[in-house]
Amino acid sequence: MPQFGEDIFLSLDIRLQYIAYRELKSAVVSHQAKSGSLIMVDAKNGEILALVNQPSYNPNDVSGYRNSMRNRVVTDAYEPGSTIKPFAVLAALETGRYDQETTIDTSPGYFRVGRKLIQDPINRSTLSLSEAIQKSSQVAIAKLALDLEDHAVFDVLARGGIGSYIGTGLPGEVQGFFSDAELQYPVVRATLAYGYGLSVTPLQLASAYVTLANYGEHIPLSIMKGEAKPRGEEAFAAEDARRVIEMMELVTSEGGTASAAAVPGYRVASKTGTARLVGSNGYDDERHVAWFAGALPVSDPRIVMVVLINEASAGQVGGGALAAPVFARVAERSMHLLGVQPDQPALASNLPQGETVAQGGDR
């Protein structure tokens, strides 16, 4: 119920909003993409700190106002690709039969599930579970999923908020597509584990990653500034979520799929994602959506950010090449403006002078 006469405040931080808008626009323009979205959330309390879309609304140009007025973060759903893989790994950890060092044989770099060929770009031979995340191996994750109970990956995703209305009150929020109707088929379970056969909005994916960043505690997201952290509920065991976060840190390390997302002075837990778009004749090899989702600093996550670049037509198409650099540039400035102390002290000397403010900073 409304409280008449009370003040309300948006949680958006105008400084972070400006940085996010500038970097997203630059990426969309330079890669000649059809659209892009970015959402940044305070991992401590679920408050949305930045929310931007491209193309943006221009009141001086009404020719395409319907599209530009759409808040794509909440209204546009896409298959999330490999950003889902950490949750498949979490499902494996919950069985107690897997840990970070459990190995999976991916030779010869492909295998067939029914009529579908699942393959990696190269034969990665034997990978540990941590390396499967670092290298983003389709074969390893698919084999992992087929070794679990039929609903294992689906249930983890559902507990993280995938397939649910987030309930921020932002107009036009959609639920996406997320169904367990065909999990009896091995190919559906395998492809679900690497992000196909479902669709999510950037808002939903951010909510799921906030749950990981809170070590398994699911908290609601809000566009309003609150007085205290909202009450959460346990979605995953804290130790399992912590181990997944540790594995995700390898993504920005040497040999990972997103070294371009590394932030000087800060440890980053993240995952790339690249999904083909569906055309009139099925999946189109020429049209892609590029994702990047992550949290930092790993030692005590403060922000979660999701970046999406839709249908770029210039340059590379992968999440590591398109969305990861946007994440890095926005995250680096945001850490300094929020006064978050580096958790890689050896790199602290690389921080820009004059930007660090008192620890705690603005919420």
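Please refer to the structure higher up on the page.
Residues numbered from 1 in each chain as written. Predicted model: local features only at pLDDT ≥ 70, side-chain atom pairs only at ≥ 80, totals over all residues. Heavy atoms only, no water.

## Observations concerning the sheet that holds strand β1 (residues 35-42)
The strands that make up a sheet pair up through hydrogen bonds in the backbone, lying either parallel or antiparallel.
Right, on to step 1. Pairing is antiparallel across the open sheet formed by 5 strands, whose spatial order is β2-β1-β11-β10-β9. The strands lining the two open edges of the sheet, one partner per strand, are β2 (48-54) and β9 (269-279). Neighbour to neighbour, the strand axes of the sheet diverge by 10 degrees on average, direction disregarded.
Right, on to step 2. Note that β1 and strand β11 (residues 303-310) share 8 bridges and pair antiparallel. What sits directly across from V41, in β11, is V304. (Pairing = 2+ DSSP bridges. Helix = DSSP H or I, 4+ residues; strand = E, 2+ residues; numbered from the N terminus. Axes fitted to C-alpha atoms, helices over the stretch in contact; angles between N-to-C directions.)

## Here's the deal with helix α9 (residues 202-213)
Right, on to step 1. Spanning 12 residues, α9 covers 16 Å between terminal C-alpha atoms, matching the ideal 16 Å at 1.5 Å per step.
Right, on to step 2. The buried fraction of α9 is high, at 12 of 12 residues.
Right, on to step 3. Downstream of α9 by a residue or two, Y215 has a phi angle that is positive, lying close to 55 degrees. (Expected span 1.5 Å × (residues − 1). Buried < 20%, exposed > 50% of the residue type's maximum accessible area, 1.4 Å probe, protein only.)

## Some points on the pattern of salt bridges
Right, on to step 1. All chains considered together, the criterion is met by 16 salt bridges.
Right, on to step 2. Notably, a salt bridge pairs D76 with R72, separated by 3.3 Å at the nearest N-O pair.
Right, on to step 3. Of the charged contacts in the structure, one is a salt bridge between K229 and E217, with a shortest N-O distance of 3.2 Å. On the criterion of sequence distance, the pair formed by K229 in the loop between β7 (217-218) and β8 (233-234) and E217 in strand β7 is long-range, its members being 12 residues apart.
Right, on to step 4. Through salt bridges with shared partners, a single network forms among R22, E23 and R329. (Salt bridge = Lys/Arg side-chain N within 4 Å of Asp/Glu carboxyl O.)

## Side note on the side chain of S37
Right, on to step 1. Within the fold, S37 resides in strand β1.
Right, on to step 2. Of the residues examined, S37 reaches a relative accessible area of 3% and is grouped as buried.
Right, on to step 3. A distance of 2.8 Å separates polar atoms of two side chains, one belonging to S37 and the other to N53. (Polar contact = N/O pair within 3.5 Å; in protein donor to acceptor, adjacent residues only side chain to side chain.)

So, to be careful, I would describe these as geometric facts and stop short of saying anything about function.
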